[in-house]
Each structure stands twice: as structure tokens, then as C-alpha cells.
Amino acid sequence: MRVNFTVNGRPQQADDVWEGESLLYVLRERLGLPGSKNACEQGECGSCTVRLDGVPVCACLVAAGQAEGREVVTVEGLAAGGQGELAPVQQAFIDAGAVQCGFCTPGLLVVADDLLAHTPQPSDADIREALSGNLCRCTGYEKILDAVRLAAARAGAGQEG
Amino acid sequence: MDFLRPTGWEEALALKAEHPTAVPIAGGTDVMVEINFDHRRPQQLLDLTRIGELRTWETGEESVRLGAAVPYARIIGQLRTELPGLALAARTVGSPQIRNRGTVGGNLGAASPAGDAHPALLAAGAVVEAGSVRGTRMIPVDSFYTGVKRNALAPDELIRAVHIQRADGPQQFSKVGTRNAMVIAVCAFGLALHPRTRTVRTGIGSAAPTPVRAVAAEEFLAAALEEGRCWDTGRPVPPSAARQFAELASGACSPIDDVRGSAAYRRRAVGVMARRTLDWAWHEYRTDGDGVQQCA
Amino acid sequence: MRDLTQGIRARGGIGESTLRPDGTLKVSGEFAYASDLWHEDMLWGFTLRSPHAHARILSVDVTEALRTAGVHAVMTHDDLPAETRYGLEIKDTPVLADGVVRHHGEPVALVAADHPETARRAAAKIKVEYAQLPVVTDEKTATAPGAPLLHPARDDAHARHSPHPNIVHRQPVVRGDVAAARELADVVVRGEYEMGMQDQAFLGPESGLAVPAEDGGVDLYISTQWLHADRRQVAPVIGLPEDKVRMTLSGVGGAFGGREDLSMQAHACLLALRTGKPVKIVYNRFESFFGHVHRHPAKLVYEHGATRDGTLLYVRCRIVLDGGAYASSSPAVVGNAASLAVGPYVVDNVDVEALALYTNNPPCGAMRGFGAVQACFAYEAQMDRVAAELGMDPVEFRQRNAMAQGAVMPTGQVVDSPAPVAELLRRVKAMPLPPERQWETAGGAPDLRALPGGLSNTTHGEGVVRGIGYAVGIKNVGFSEGFDDYSTARVRLEVVGGEPVATVHTAMAEVGQGGVTVHAQIARTELGVARVTINPADTRVGSAGSTSASRQTYVTGGAVKRACEAVREEVLELGRARFGPYHPAWATAELLLEDGKVVTDGGEVLADLVDVLEDAYVERELEWRHRPTEPFDLRTGQGRGHVQYSFAAHRAVVEVDTELGLVKVVELACAQDVGKALNPLSVTGQIQGGSTQGLGLAVMEEIVVDPATAKVRNPSFTDYLIPTILDTPAIPVDILELADEHAPYGLRGVGEAPTLSSTPAVVAAIRQATGLAVRRVPVRPEHLTGT
């Protein structure tokens, strides 16, 4: 089947999609957007998290056909304008040492970005709850917490300035 | 495989009648796992996400008519007052991402004994509105679960909505998992106090082939509360009654040993959860509800 | 303590928390992991696996599979072109099952097709007729009279001294006189312990892309821990000389030991050469659980004897590791378990026996901590029990028996660098404790996120009891027992765009640990340049050894340092030739490279590197080895088997819902000696990550294997649970830097030690909270509730 939807603001079309394919497969294998990761494909790790019509979801559990006409934002679309400068939360992940192997990073970034959009100054418990669907095996999460705190603090400082 | 995309309810029913083996998919949180891991190859997927009405709810005097495809996140955010037990249960479902997609309709359709919504629905009291080209059937949730991952739906039926009793008293939900988030229930317990009818209802998950109510425990507790004039006075539940309630709840289980937990543990944990949720709910009844005024 | 890095000053050099060179690509989603690769005309490979743990294959019929539209190749054992077995140490693993399957999930056939679903459907049409065989699953069944032998015709190096063909390797370590010491002991504590099978659970599943080349060779883009070891094993299987098998490291989504053995490497190359097309294989999570080896489950029996004043007199123990169906790195894991069985304590009388079994369980091999994890769980439990028997504080008892530099290991090896065991314990104990009852809020409603059970709403404080536990561990760094453990580095210095630029090329597998960051720091430090390019790791340069055993910063870092030094010498020679006649300091002073200039140790600038180099470049490739080790004596275990030891201590604070048996780890403090923190941010990240894996093993992580069928019961992230951010507490880290003068910059391998003591510390805290003698990990609610 053919699927049309918007990814990171651009209309996209995928052809010859098998009906059992997930949105994740279509993004990764048909649209050249492998940033969303394939760690578990059962909704138990969050590494494939994308925003679907503005809501963070596991792309592995969205049937490709369900994305028809929808708007998808992936990690590749987080940076302002989609290229060049990193989004604040992306920079914070680098600066705080929140990235090791990096496989969980794209999903965490989409979720953290969404958290900060809704809760600009989250408590630690808020951060933990929001990120509780994203597994990381390398960091022990401490630096990831640091990164979200850092992004929030920088945004706060920016507003005050 | 065909991907069917009805845009309205009638069309969906027609497609289901035409393709009784079509698998409905909304949040995809169960169906897609089965497809990704090659456990299931349905001939048709019937996508329900384009039927707007399934994502809405109406709050009536007695009950909330919850569209089958309302995601858990909406229940947590917007139905906490009307459906506190279900909202508590919803908060324990999977991950935030799963709660953004998963639905009560999907939980009912899958009818897994581990589904988190079931104990809350059983405790609150709910009726499943099933539709087909033949008409509409209202199925009490108590008789909806017919076996392990089996339900009362006919092959041509789809779940349109669930009518859930609005809370008339405190409700609680508790679930044991071996992780502090994103975990499937080892077992779960739902409790609803119904001060208007002076009854208590329960729901147990993952401790029997289907979600079940602990009817003997409910009846015992209702009688004990009545006898102790607890409803009127807001008096604490006598510890012996709470213990007996917990034991009866535990006795309502017919669990198995599996990779997630032992049968003996499940029995024990259901008892502990029954006692604690009763404690919390009764405390709320005494401090927030009519009980306080009666007490004073 | 001497700081071996004194006087080193380079911006972005060692000792600074410089940021990852791959960070931007990783946060933007552009970093290419093996599963992200794509090639024109690419096919998808799929592996058909055995549903049985032990069975004879009576027949395989691929006719229907081959007929499936879109299928390009189906391969079974009969289609293999050359060698049919491979292995890290022992070539006992069939590339594809050869008449017998020995464990659940063993590869039986391969399919290459134009879409993964086509490949799956075709694989489902392969008809395999099995006759099931009885399984052996533990020591009793594996060594029972008449037990089926996993490998009846063994001719490996360990076969001769193995007491039973189903024992892969056995290593005793004997020192002193345990029987005599036992007579003198005031307190004797005996305990039996058990550890379940842990999985590495790296997030990036096994994957790779094999591309057939015009010269008849193959290029493999692969996520692995050791490119050259993969090549050494793959080349004979595909029947090509090594120089026709070129490997390039793709992005690696974590490893933790699980990528030491081959998974799909040979399979992808076989399919690519068979079809003449690029073939990509990507395991899904289910398959990943069968695609790599796991941490050895273990049964351990320990006996400790001590005097009333708290001096350990002897330790006797027996460690039985389950190696599963194939050897993998079991012999080396046995060596570690045996030589480190006593822990970081001075004990004069030791009688240790460690062995690994062949069974029909899933194969086990390398995982972070490698044999030392199992032992540490048991000896630290014992230390607590002995302390309790003596009425001593458990930390004080440990400190009293703690080893220090100069101590003699049970293997007879002298510990010849700092071993601050008592100090680490002191530090971790001195950290402030987290406040109690953190779930209580001003509003009265409990914050569930701070309670055992978390969001599941199982307690509002009822039944919750706090416990505190301590543990310390010892881990060897680098490959041991006489292994020729070396790394190769190629470093080039040249002027690019008017600026001196260093290029570092190694085959080191960057699996997330941050080796690439450190290599750039070393090059900046040694060559005084600002810009460093890290070339992709591949087999065009010599081996860098494995990214395991906490060895990469030590060994490949050492090679990069040495190559930089060689480049520097040559650059200075160039400078002397060019400018020496004009300034006597070129001949007389000690010269350094700093900020792109040649300077004297007095700080005088002699020349810009740009002028020294002009159009020339200087490049050196060399191998670097750490001090040699030697094998352990097969009867006594004596020998200088290890090159370096590393130490970490933990204090765990837990809250246990004692009625439901649910655990919340409230804090997991760690103190570790790292010799020299080349990158403090990365070091902290390693310690926190390692600690968390130990936490997972303590309270949730286990591959459950059915003892009757040897089948895996939970191969998914639904039922194999690893800690989420709500399970992982604050992990305060105290880093000690006591230089090891034998190691580059004085550094000590970091990655594994924190995985050791984390588990026993958490369990000790659970024991303190519950008063229960918890003997098995992971601790399950059933264990804490007697159900």
C-alpha cells in the first residue's frame, strides 16, 4: 500500500508498504530516517519514540497505515529548522555526558523535549516519571537527569535574561 | 494482509461483518507487538483510529460512556474525578508513550488477565457496548471475560464504548510488578466503595484465567460495614473485618506459577493489596466523604 | 602518591571532561549504527532457530522456502563452503547446526530475501524434523553416569585436564593449609549462594551489513567488540584469506561482553557471497536473547574461618558456573572466578575450585565483571555473616582484612600497585545518608515515585523498612593468564588548513565507553595540537584487542600514547634538522609540543609545528603491550596471572516493602580508585552505568530457563526487566586517583569494578531491612515473602 504523511514538516510518501509494517520500519527503511531506534519493537524501551500529531508514542507500535495523513516528528526534526543548530535539549545531553552508546538517546530526546515543552521546570520526580518509558543500559540515568535539569535551567536563565 | 481504514462506525461494522477475522487496531500496543514478533498474521487489520467518536466520552448522571479508543493518558488527565479507580490503573499502564496510545477498548479486546483496566472496571461496575451490523449489545463487564485472552464478543462485533459507573465513593487500584515502572502486572487489585448502595466491589487481575471479582469478600465486607454501622459513623473498619476481607480476596484467586510470579505469591499479594486499598479508600471516605460529617 | 601526569598541560587533554566527538551525531540521530545501514539492492537475512534445547535433526527440507517469491538464498549446514565451526577460545560452535542442536535458539538455517517479512515467511516454510534428546541443565545432570555428552570428541586444550567431558575447564587455587587453619578458627561460616543468568541487554540489537566485493572478498560493517577477532573467526568459515575479509566498525549500541562472540557476522557474509548481493541482518529483541552469550549463572559454596579478633584465617569455596552448550569464553571466566574468589582480602589459607559446565542451557560467556561478579556476590555475603558472628561492624571487619599494595593474592601474585580497599570503604561509609521517608509530601498524599512499587500504588509507606549494605570487590584489568594482550595505533601529524592536525587510527571498538574521546585527549596531550581526527575503526590497521576487561583505555590508550610519542620524536628530529643550527636549545633542552608549538621545558617557544612540518606528514603505527602475565598452574592456581587489579566499594540504601517483597533502591553510593581519570565525566558515567547493571542483577534481571526443557521462558523486554529511571537511584561517586606506575598515565581500568560490588551491597541492604538470609540473586518478591 501507499502511505502519505508529514515527517518533520515535510510531506513524505512511501510505496509498496507491507500492511504489517510499523511506522518505525517505514521511517527507518523507506524514508531514510534511521534516527528512531529499533531496540525492542514491543513498546518496552522507548528508543523509537516519535511525536505523532504532537504526542510521544512508540513508532514500533504504530501501524504504517495509521500514520496516513498524520504529522510525525522524529529526533531528526528536533533541531530548529531541522538542520544546523541543535535543540537545547540535544546540546544539554552532550554537555552533561548523557550520551554513551547513544542508542537510547533519540527516544529520550523526543520525550525530554516534550516534557520541557509542557513542564519547563520539572522536579526530579517529574523527570523520572516522564522518562520512565525509556530504557538506557549505559549511563545509570544520572547524567540523563543532569541533562534534562541543565536544559531546563538554561531555558529558565534564557527567559530571565 | 489488508489494511482497512473505515472513517465511520457503520463502515467499520460493515467491514467487520465482511471480514470477521479482521483484527481491530487502535493504539496498536498489543496488536503490533504480535505482528512485529510474528505471533500473528491476520488477513486484515481494521484500523479504528479514524473514527473520531471512539476517542470521545460523555459524562452522564450515572455513568461515563467512554469511547473504546480513548487513550489512557486522557483518562488520567481528564477523568480522574469521575473514574478515579480507572485513572489510577491507567497510570500504571506500560510507559508514558504506551499510555498515549493504549486504550480501554484494546484492553477489553485483548482480554488478557494481566490487562490493567480490568480490575478497575470490575470494581467500578461497567457495561461493554458492543456493536455489529446486527445491532448493539450491552455486556456487563462481569460476564465479558470468558477465558484466557477470550471475551464475549462475536466475530462480527466491535467494542464501541464502555459505560462505567461514575464513582460515588472512594476507589483504589494497586498493582504488583517486579519493577517500579513499565511493568506487566504480577497481580493487581481494584476496589470501589459504593456508599450510595452501601456495597463494595472489587476486581482482581493476573491471578486467575480471567479478571475476576472477589464476590465473597465484597459481600462479607458490605455486611461487616453494615453491622458496624461504619457507613453512617465513619468508624474505622474493624481490623478483624479488614483481615477477613483480605483473606477472602486472596481466596478468590486461582493463580498459576509463571515466569512473572508464583501462585502462592499472587495469593499473598492480592491479600495485602486488598487490605491496603481498603485502608486507603476507607480513610478517604472518613475524611473527605459523608462519613466525616456523620462522624462529627 | 606520585601523579604520573604532573606537568601535562594541554587544552582538551587528559584529565579534562572533554565532550564526545560523536556526541553531535548521536543526538541528531545521524550516527549510523549497524542496523541503520542500507545498500542499494540490499537483501535481508533471517535465521531459523531451534525450538528445542537438545535434539537430533533428522531432516531439513528447504524446497518450499526456496520457491518463495523474493527469496534469493536458503542455507543450511550442508551449504557451508569451508570450516563449519568457530569459537573464541575453542572451536566448538557450529556455524549452522550440524545434525544436532544443543541449545534453544541455536541457528539451523539462513534465508536471504528482499524484505524481512518475505524472509520470515520463507523460514517458516523450512521443514525441520527433530528427534528430541534428553537435556542436561546443571552439575548433577551434566556429570551423572551416562549423561549425554555435549561434545563427545573434545580435543581442545582444556579437555585433557577436565575431570569430566561436560566440564569445560576447572581451575583450583590452593595456598597455605586450610585444614590446619580450620583448627584455629573461632568462627566458621558456611554458605551456599546462587546467581541467575544475567543478560547484557544492550539496546542496539545484533546487526551488520555484508557487501560482496569485486575481488571476491567481502566487506562487513558490523557492531562488535573486537574487529580482528571477528575476522579471525569469520575468514575460515567463508573460506577466504583474512585480507579478503575487511571489517569496519559501525555504530555499536552497547556491548557489555555480549558482542565478544560472533552472532550474525559469518551468516551475513555467507549469504552475501552466496547471493552476490549486500545482505543485512538485524536481530529483533527476541532473537537477540538467543543471539549472544549471557553471564554465567553460578552456584557457589563458601566457607570462611576467622579468629575472634576478626582476622580471616581461611577461605574454602567451590564455584560452579553454567557455560551452556558451547564454550565461548568459559575457560577465562573460570580463571577469573578462581583467582578472584576470595575478594580483596588478605587470606593466607585458600582452597578454591572453580569450574564451568557444558549443559543444554543457553551458552554463557563474557559479561561485564566476567567471573568476578559471581564470586563477589558470595564472598561479600559471607563477609557480612562472619562479621555478624563476630559481633563486628561489617565495614570494620572488611577493613581489618582488606588487602593493600604489596599484598599477596591466593595465586601468589604480589599486588604491586595501590589497592586502597580500606580507604574506599571508609569513603563510601562517610558519605551522607539520604533522608528517610522521602515519599512524604507537604500535601499529605505520598509521592508514589519514591516508594517501593513506584507508580503501581502498592504502598503508601506500609511495611516499608530501610536497610543499608556495604560491599567491595576486586577485578582484574586486561586479558590475563599469559594472553598476548596488545593494541595497535596509527597516529599521523600534518598541517591541514594552516593548522597542525593529528589523526588517530585504531581498530578499537567504540561501544559507548568513550574510547574515542580519550584517544583525542591523549593525542592533544602528547602532540600539543587542538584538532584531532579519530578515524573509523576498521581492519586496515592492526588489532586493538577487545573492548572488554576494562582494558581499552589502558591498552589501546597506551598504544595511542606510544604512537604519539614516536611521532613527536620524529617531529622533533625534523625540527632539529630544520632549525637546530639556529638555536642551541634544540639540542640541549627537553622539548615538548604545546599549543601547536615546539617549546622547551622552560617554556621557550622554538618553532611553530606548522613551520616544522610544512608539507610533510609524520605517521607511525605501532603495537603496544602491557606487562606479560602467565598462566595459572593447573593444580595449584599459582601464577602472575593478572596485569592490574581494580577496586570499587558500594553502599546501598534500600527500602523494602516487607509485606509484598518489593524493593526500592534509594541510593547507591560508589567509591572507586581509577588511578588517573583521563576523562572524569566518562569515568563517572562508567561507574554509574556499571553500578546500575549490578542493581539490576540484584533485584530483577534474570533469563529464566526451564530446568525440565532448558528452554528460555522470557526472551523479551516484557519479561526480562532491566532498571528504568524510576528504579535507579541517585548514584553519588567518589573517585580516587592513586597512580599505578606500570600503567599509562597511572590509569586503572574502570568499566567493570562498579558492576561487582553493586549487587552484594544492594542484597546486603535487603538482608538488613528484612532480616532474611537472602542467598540468591536476583531477589524476587517470593524470596522476601516466603512464597
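Residues numbered from 1 in each chain as written. Chains lettered and ligands numbered in written order. Predicted model: local features only at pLDDT ≥ 70, side-chain atom pairs only at ≥ 80, totals over all residues. Heavy atoms only, no water.

Visitor: Give me the interface of chain C and chain A: which residues, what numbers.
Guide: The interface of chain C with chain A comprises 63 residues on the first partner and 50 residues on the second. In this assembly, chain C packs against chain A so that about 4,400 Å² is buried in total across both faces, 58% of it on carbon and sulfur atoms. Among the residues chain C hides against chain A, the three largest losses belong to C:Val27, C:Leu203 and C:Ile725. Together they make up 19% of the total. We note a salt bridge from C:Arg449 to A:Asp126, for which the minimum N-O separation is 3.2 Å. For the pair chain C and chain A, the number of links is 29 residue pairs in polar contact (both at pLDDT 80 or more). Of all the elements in the fold, those that place two or more residues in the side of chain C that touches chain A are helix H1 (23–28), helix H3 (116–124), strand S14 (279–282) and helix H17 (680–699) of chain C. The element best represented in the side of chain C that touches chain A is H17(C), accounting for eight residues. In terms of residue class, the side of chain C that touches chain A is made up of 28 nonpolar, 24 polar and eleven charged. (Contact = heavy atoms within 4.5 Å. Buried area = accessible area lost by both parts, 1.4 Å probe. Salt bridge = Lys/Arg side-chain N within 4 Å of Asp/Glu carboxyl O. Polar contact = N/O pair within 3.5 Å; in protein donor to acceptor, adjacent residues only side chain to side chain. Helix = DSSP H or I, 4+ residues; strand = E, 2+ residues; numbered from the N terminus. Nonpolar A, V, L, I, M, F, W, Y, C, P; charged D, E, K, R; others polar.)

Visitor: Report on helix H18 (residues 753–770) of chain C, specifying residues and quantitative values.
Guide: Note: α-helices contain 3.6 residues per turn, so residues at a spacing of three or four share the same orientation. Residue and element names in this part refer to chain C. Taking 1.5 Å per residue as the helical rise, H18 with its 18 residues ought to reach 26 Å, and the 27 Å between its terminal C-alpha atoms agrees with that figure. Most of H18 is tucked away, with 16 of its 18 residues classed as buried. Phi turns positive one or two residues past the end of H18, at Gly771, with a value near 75 degrees. (Expected span 1.5 Å × (residues − 1). Buried < 20%, exposed > 50% of the residue type's maximum accessible area, 1.4 Å probe, protein only.)

Visitor: Before we move on, could you go through helix H4 (residues 84–91) of chain B and cite the residues and values that matter?
Guide: Burial within H4(B) is extensive, with six of its eight residues counted as buried. Within H4(B), the full set of buried residues consists of B:Pro84, B:Gly85, B:Leu86, B:Ala87, B:Ala89 and B:Ala90.

Visitor: Kindly report on the domain arrangement of chain B, identifying the contributing residues and their values.
Guide: Residues and elements named next belong to chain B. Here chain B is described as being made up of domain 1 (56–165) and domain 2 (171–295). Between the C-alpha centres of domain 1 and domain 2 there is a distance of 20 Å. Of the residues lining the interface, 27 residues belong to domain 1; the matching set on domain 2 comes to 27 residues. Summing both partners gives a buried area of about 1,900 Å² for domain 1 against domain 2, and 61% of it is carried by carbon and sulfur. Counting across the interface, domain 1 meets domain 2 through three salt bridges. Across the pair Arg201 and Asp142 runs a salt bridge whose closest N-O atoms are separated by 3.3 Å. Viewed at the interface, domain 2 and domain 1 are joined by nine residue pairs in polar contact (both at pLDDT 80 or more). Of all the secondary structure elements, the ones that give two or more residues to the side of domain 1 that touches domain 2 are H4, helix H7 (117–124) and strand S8 (145–147). Residue contributions to the side of domain 1 that touches domain 2 peak at six residues, all from H7. Counted by class, the side of domain 1 that touches domain 2 contains 15 nonpolar, nine polar and three charged residues. (Domains from an automatic or database assignment.)

Visitor: Run through the packing of aromatic side chains, naming residues and quoting values.
Guide: The description of an aromatic ring pair rests on the distance of the ring centres and on the angle between the ring planes. Within the structure shown, the criterion is met by 18 aromatic pairs over all chains. Measuring from centroid to centroid gives 5.8 Å for B:Phe144 and B:Tyr145, while their planes differ by 85 degrees, and the two rings are edge-to-face. You can call B:Tyr145 buried: its relative accessible area is 7%. Every member of this aromatic cluster is reached through a ring pair, and the members are A:Phe103, C:Phe31 and C:Tyr33. We note C:Arg492 situated over the ring of C:Tyr617; from NZ or CZ to the ring centre the distance is 3.7 Å. When the ring centre of C:Phe479 is taken as reference, the NZ or CZ atom of C:Arg551 above it lies at 5.8 Å. (Phe/Tyr/Trp six-rings, centres within 6.5 Å; stacked < 30°, edge-to-face > 60°. Lys NZ or Arg CZ within 6 Å of the ring centre and 35° of its normal.)

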